Amino acid sequence: MKTFTKGTLTTTVDDDDRRIPQYLANGWKEAPNPEKPKDDADKRIDKAIGEANESENAPKTNGKGGGKGKSSKGKNSAPDKKVNDAVDASKNAESEREVVDDGLIKTEAAKK
């Protein structure tokens, strides 16, 4: 992401945005993006991702000695698996969500 400023205006665009030359030509100045300091949660997330990648890339045995299993094929599937797991968890949470009546929803019972 790149941040540009012009006077008191600020805008942030992707690194590959096609409008960047136009911003620079029209007097916008590129501002440095401050790096977010890593906290304890970031360290735990990095550790969990590293452990998941290690477990996904570990040599698998197929019962006939050693070696990799059929499914590994030498590619890293951990991020895809994590994304799929997160999508499934979101779907489950959405289906289990209960509607809370805060009194703002008009129902037939409230009209009587």
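Look up: the structure comes first, before these words.
**Student:** Would you mind showing me how to read the nonpolar core here?
**Tutor:** Most often, soluble globular proteins have nonpolar side chains that are buried together. Counting residues in hydrophobic clusters, the biggest one holds five residues: F4, V13, I20, Y23 and W28. When sequence neighbours within four positions are dropped, the list of residues in contact with F4 reads L9, T10, T11, V13, I20, Y23, L24, W28, K29, E30 and A31.

**Student:** Help me understand the pairing of strand 2 (residues 9-13) in this model?
**Tutor:** For a regular strand, side-chain orientation follows a simple rule: the groups alternate between the two sheet faces. As defined by bridge partners, strand 1 (residues 2-6) adjoins strand 2 across five bridges and the pair is classed as antiparallel. Bridging across to strand 2, T3 finds its partner in T12. Between strand 1 and strand 2, which pair antiparallel and follow one another directly, the connecting turn spans two residues, one of which, G7, has a positive phi of 65 degrees.

**Student:** Looking at this structure, how should I read the pairing of strand 1?
**Tutor:** In this sheet, strand 3 (residues 29-31) lies alongside strand 1 in antiparallel orientation, the contact comprising three bridges. Within strand 3, the residue paired with T5 across the bridge is K29.

**Student:** Got a minute to help me understand the side chain of T3 in this structure?
**Tutor:** Mapped onto the elements, T3 comes out in strand 1. You can call T3 buried: its relative accessible area is 11%. A polar atom in the side chain of T3 sits 2.3 Å from the side chain of N33. Setting aside chain neighbours within four positions, we find T3 in contact with T10, T11, T12, K29, E30, A31 and N33.

**Student:** Could you clarify how one ought to interpret the pattern of salt bridges in this entry?
**Tutor:** Where charged atoms of side chains with opposite charge meet at close range, the side chains can pair. Inspection of the entire model under this criterion finds one salt bridge. The closest approach of N and O atoms between R19 and D17, which form a salt bridge, is 2.8 Å.

**Student:** What am I meant to see in helix 2 (residues 40-57) here?
**Tutor:** Since the α-helix packs 3.6 residues into each turn, any two residues three or four apart lie on the same face. In a regular helix each residue adds 1.5 Å, so 18 residues correspond to 26 Å; helix 2 covers 26 Å between its end C-alpha atoms and thus fits that length. At the N-terminal end of helix 2, a side-chain oxygen is found 3.1 Å from the backbone nitrogen of D42, two or three residues along, and the residue is D39.

**Student:** How should a negative patch on the surface be read in this particular structure?
**Tutor:** A grouping of D14, D15, D16 and E30 is seen on the molecular surface, where their side chains present a negatively charged patch. With respect to the element layout, E30 can be found in strand 3. By relative accessible area, which is 47% here, E30 ends up partly exposed.

**Student:** Just to check I follow, could you spell out the packing of aromatic side chains for this structure?
**Tutor:** Given two aromatic rings, their pairing is described by the distance between the two centres and the angle made by the two planes. Across all of its chains, the model carries two aromatic pairs by this definition. Taking 5.4 Å as the distance between ring centres and 20 degrees as the angle between the ring planes, the aromatic pair formed by F4 and Y23 counts as stacked. Linking F4 in strand 1 with Y23 in helix 1 (residues 20-25), this pair joins segments that are 19 residues apart in sequence. Here the aromatic cluster, defined as three or more aromatic residues joined through ring pairs, consists of F4, Y23 and W28.

Cut-offs used in this document
- Residues numbered from 1 in each chain as written.
- Predicted model: local features only at pLDDT ≥ 70, side-chain atom pairs only at ≥ 80, totals over all residues.
- Heavy atoms only, no water.
- Core = buried A, V, L, I, M, F, W, Y, C linked by side-chain atoms within 4.5 Å.
- Buried < 20%, exposed > 50% of the residue type's maximum accessible area, 1.4 Å probe, protein only.
- Contact = heavy atoms within 4.5 Å.
- Pairing = 2+ DSSP bridges.
- Helix = DSSP H or I, 4+ residues; strand = E, 2+ residues; numbered from the N terminus.
- Polar contact = N/O pair within 3.5 Å; in protein donor to acceptor, adjacent residues only side chain to side chain.
- Salt bridge = Lys/Arg side-chain N within 4 Å of Asp/Glu carboxyl O.
- Expected span 1.5 Å × (residues − 1).
- Patch = residues over 30% accessible without salt bridge, like charges linked within 9 Å, V, L, I, M, F, W, Y side chains within 5 Å.
- Areas by Shrake-Rupley, 256 points an atom, 1.4 Å probe, with all protein chains shown as cover.
- Lys, Arg positive; Asp, Glu negative; His and termini not counted.
- Charge placed at Lys NZ, Arg CZ, Asp CG, Glu CD.
- Phe/Tyr/Trp six-rings, centres within 6.5 Å; stacked < 30°, edge-to-face > 60°.

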